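# Reading the structure
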Amino acid sequence: MNATKTAPVAPDFDEIAEWIEAFDQLVKQEGSSQGTLLLDALTRRARESGVDVPVKLNTPYRNTIPVEDEVPYPGNREVERRVKSLIRWNAMAMVHRQNKEDAGIGGHISTYSSLAALLEVGFNHFFHASYGDQPGDFVYFQGHASPGVYARAFLEGRLTEDHLRNFRHELREAPGLSSYPHPWLMPEFWSFPTVSMGLGPLNAIYQARFMRYLENRSLIAKTPRKVWAFVGDGETDEPESMGSLTLASREKLDNLVFVVNCNLQRLDGPVRGNGKIINELEAAFSGAGWNVIKVIWSSDWDPLLAQDTSGLLQQRMEECVDGEYQSFKAKGGTNVREAFFGKYPETLALVEHPRRSRDTALVRPRHATPHTRKRSLATSRSRRSASVLIFPFLKRPRKKGCPTVRRMTVPKSATCTSEGSNWAATCPHALSLKVSSRRLRSSFSRNLSPVPRAAPSPQPWVLSACCAI
Ligand SMILES: Cc1ncc(C[n+]2csc(CCOP(=O)(O)OP(=O)(O)O)c2C)c(N)n1
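These numbers come from a predicted model, not from an experiment. (Residues numbered from 1 in each chain as written. Predicted model: local features only at pLDDT ≥ 70, side-chain atom pairs only at ≥ 80, totals over all residues.)

### A word on the site of the ligand
Surveying the vicinity of the ligand reveals 19 residues, the closest of which are T111, G232, G234, E235 and R266. Of all elements in the fold, only helix 4 (109-126) and strand 4 (265-266) reach the threshold of two or more residues within the shell around the ligand. Taken together, the residues of the shell around the ligand sort by class into 4 nonpolar, 10 polar and 5 charged. (Near = placed C-beta within 6 Å. Helix = DSSP H or I, 4+ residues; strand = E, 2+ residues; numbered from the N terminus. Nonpolar A, V, L, I, M, F, W, Y, C, P; charged D, E, K, R; others polar.)

Following this line, the structure appears as structure tokens:
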């Protein structure tokens, strides 16, 4: 629940405070849709009267879906979390082992770490395989997150340990795995090539468009099949990623969902230092006519936001840029208390709690809650437009030294770079794969229920995600 604010806007201007109070009352008594109608009417009147109404495409830097609208997670979180950790471990172990044997082979281990939760929620609750007369969804995977997709296929029993042992050696040894998704190199495994950044998002739009084209001409059956594209935030700087966005909304591609993995970092540094990539993307996608859902903060932040009566916590979230968020992530809880909350006495008071661990919890590189994610993905199936979901899940800036084995199980791997090679060469630990697929498969299938197909809806979506601190 959002805190009731004490009208922080220009408090010396009493009239504004009065208008805000009246507006708050309307929303409280008649609901948010009445609030939208009123603002719409006022904007129209202001424009007719020649008042300059600025166009603002950014919403506050917080989760689009309010806590009170979140739905309970339908899956078994404990089982799913355990499976996700095993997959993440195996992905890392596969890349690491290969780099020990073949120095410099690379492998992008941290990309999948930031994507693991998103992909797992997708696999467990949203993606549909084809069975019977139901055609499966199409998924464009973020290309350099391929180790995670291989690791999952291993747990499912679709790949063997020999495959994983030959990661990036598909031309030398058999059976082998190609570095990145490519149907020419692995025709039985990958549907689409994605690793040249920008190919995935562009092709996903055209895939969705021509599916619709064929359906509308009765050349293929109309089905609720979706096209999913998992996109890196750095990848959105490629002209191919953003060049056809308006086509998706013009064609009302409700069969298309982009999920942008905003870990704020790419190979060579922050995606944005002095700005906010999430806000940039929100404005670009909204302006192009997409539905946008931002998933930024985990549920640890809900009680703090509920107590933020001064509005200064929200203000602090707005004023920090991505470079600062990365610094908070790297420096840990005490720094977050001092540098983030400590800027205003009101925000500092929010974390003056006897449980010291609270600070630490706030900096954990965890994702927004599964509630939020599930709700975001569900909403993405019910609006009449293309959709983008924006998730920030921070990659930790690189530190010198070798990670310990335990730390490697932390999401968005604790201290390694995007490339596997740099740290693997110096890491003393011999890593092995963690579970047999047979063992996992039996516990997995006991706990998963079939995924129901949501009602069809017309337009494309973007979900963008990140866990900012
Ligand atoms: C067109 C193109 N240029 C360069 C690369 C090399 N490359 C691979 S991953 C990467 C950075 C990706 O950053 P981001 O999209 O933010 O993904 P992350 O790994 O951080 O999740 C680059 C530059 C590429 N694959 N394609």
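### Quick word on the confidence of the model for the chain
Detailed reading of the predicted coordinates is not advisable wherever pLDDT falls low. Summary statistics for the chain give a mean pLDDT of 80 and a share of 74% for residues scoring 70 or more. Every residue in residues 378-383 is under pLDDT 50, and counting partners more than four places away or in other chains gives 16 contacts. Scored below 50 in pLDDT, residues 439-452 shows 13 contacts in the model against residues more than four places distant or in partner chains. (pLDDT = per-residue confidence, 0-100. Contact = placed C-beta atoms within 7 Å.)

### Structural notes on the pairing of strand 2 (residues 227-232)
Working note: regular strand, side chains alternate between the two faces of the sheet. The buried fraction of strand 2 amounts to 6 of the 6 residues, a majority that puts the element mostly inside the structure. Taken together, the 3 bridges between strand 1 (residues 138-140) and strand 2 define a ladder with parallel strand orientation. Its bridge partner being in strand 2, Y140 is matched across the sheet by A229. The pairing of strand 2 with strand 3 (residues 256-262) spans 6 bridges and is classified as parallel. Looking at strand 3, one finds that V227 is bridged to L256. (Buried ≥ 20, exposed ≤ 12 C-beta atoms within 10 Å, placed from the backbone. Pairing = 2+ DSSP bridges.)

### Description of the packing of helix 4 against helix 5 (residues 146-155)
Between helix 4 and helix 5, the shortest axis-to-axis distance is 8 Å and the interhelical angle comes to 50°. With respect to helix 5, the axis of helix 4 lies oblique. Handedness of the crossing formed by helix 4 with helix 5: right-handed. In this structure, helix 4 uses I109, Y112, L115, A116, L119 and F123 to contact helix 5, whose residues at the interface are P147, G148 and R152. Broken down by class, the residue content of the contact of helix 4 with helix 5 amounts to 7 nonpolar, 1 polar and 1 charged. (Axes fitted to C-alpha atoms, helices over the stretch in contact; angles between N-to-C directions. Parallel < 35°, antiparallel > 145°, perpendicular 65-115°, else oblique. Left-handed = near helix turned anticlockwise from the far one by under 90°.)

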